[in-house]
Amino acid sequence: GALRTYPFDPQVDSVQCLLKTDGRPLNARIELLQGPNNNKQVIELYTEDGLDRPFFAILETPGSGNVVRIVNTATVEFPMTCSVGAYKIGNKSSFEEMQPV
């Protein structure tokens, strides 16, 4: 399956992941790697309809050396869309930082 990695700076305290399809089954693996000497954390997920039931999660990523890896474990006939980005940086979430002062 397709593989995509997302490295993050040490300032990022948590990341948000959204995985969906166009109505086809969603079969994927999300891996959180935290530094070279730690075991990776893995989420295996499956849903029959990735449009009606997309997957969304917020993953805590304290410290440095954090990488989120998304693997599409389905066949080529079942593509998926994923979006991974910083959710909380330092002591403020990204939503709070967008508010006017």
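The structure this text deals with has already been given above.
Conventions we followed
- Residues numbered from 1 in each chain as written.
- Predicted model: local features only at pLDDT ≥ 70, side-chain atom pairs only at ≥ 80, totals over all residues.
- Heavy atoms only, no water.
- Helix = DSSP H or I, 4+ residues; strand = E, 2+ residues; numbered from the N terminus.
- Buried < 20%, exposed > 50% of the residue type's maximum accessible area, 1.4 Å probe, protein only.
- Contact = heavy atoms within 4.5 Å.
- Pairing = 2+ DSSP bridges.
- Axes fitted to C-alpha atoms, helices over the stretch in contact; angles between N-to-C directions.
- Salt bridge = Lys/Arg side-chain N within 4 Å of Asp/Glu carboxyl O.

J.: So what about the overall build of the chain? Which residues, and what values?
T.: Each helix and strand in the chain was counted, giving one helix and eight strands. In sequence order, the secondary structure elements of the chain are arranged as β-β-β-β-β-β-β-β-α. The buried share among the 101 residues of the chain stands at 31%. A separation threshold of at least 6 residues defines the contact pool for the chain, and within that pool the share at least 24 residues apart is 76%.

J.: Break down the sheet that holds strand β6 (residues 66-72) for me, citing the residues and quoting the values.
T.: Sheet architecture is open: four strands sit in the order β1-β6-β3-β4, paired in antiparallel fashion. The open sheet is flanked by β1 (3-8) and β4 (41-47), the only strands paired with a single partner. In this sheet, adjacent strand axes meet at a mean angle of 15° when their direction is disregarded. Inspection of the sheet shows strand β3 (residues 26-34) paired to β6 by seven bridges, in the antiparallel sense. Paired with Glu31 across the strands is Arg69, a residue of β6.

J.: Can you break down the pattern of salt bridges residue by residue, with the values?
T.: Taken as a whole and assessed by the stated rule, the structure comprises five salt bridges. The salt bridge partner of Arg29 is Glu44, with a shortest N-O separation of 4.0 Å. With a gap of 15 residues between them, Arg29 in strand β3 and Glu44 in strand β4 connect regions that are remote in the sequence. When its relative accessible area of 54% is taken as the criterion, Glu44 is described as exposed. The salt bridge partner of Lys40 is Glu31, with a shortest N-O separation of 3.6 Å. Each of Arg29, Glu31, Lys40, Glu44 and Arg69 takes part in one network of salt bridges that share partners.

J.: Provide a residue-level description of the environment of Thr47, including the pertinent values.
T.: Relative to the helices and strands, Thr47 is located in strand β4. Excluding residues within four positions of it along the chain, Thr47 makes contact with Pro25, Leu26 and Arg53.

J.: Could you give me a rundown of the environment of Gly90, with the residues and numbers involved?
T.: Relative to the helices and strands, Gly90 is located in the loop between β7 (81-89) and β8 (92-93). Taking relative accessible area as the criterion, Gly90 reaches 31% and is therefore assigned partly exposed. Gly90 sits 80 residues away from Pro10 along the chain, and the two C-alpha atoms are 9.2 Å apart. With residues near it in sequence (within four places) discarded, Gly90 still touches Gln11 and Asp13.

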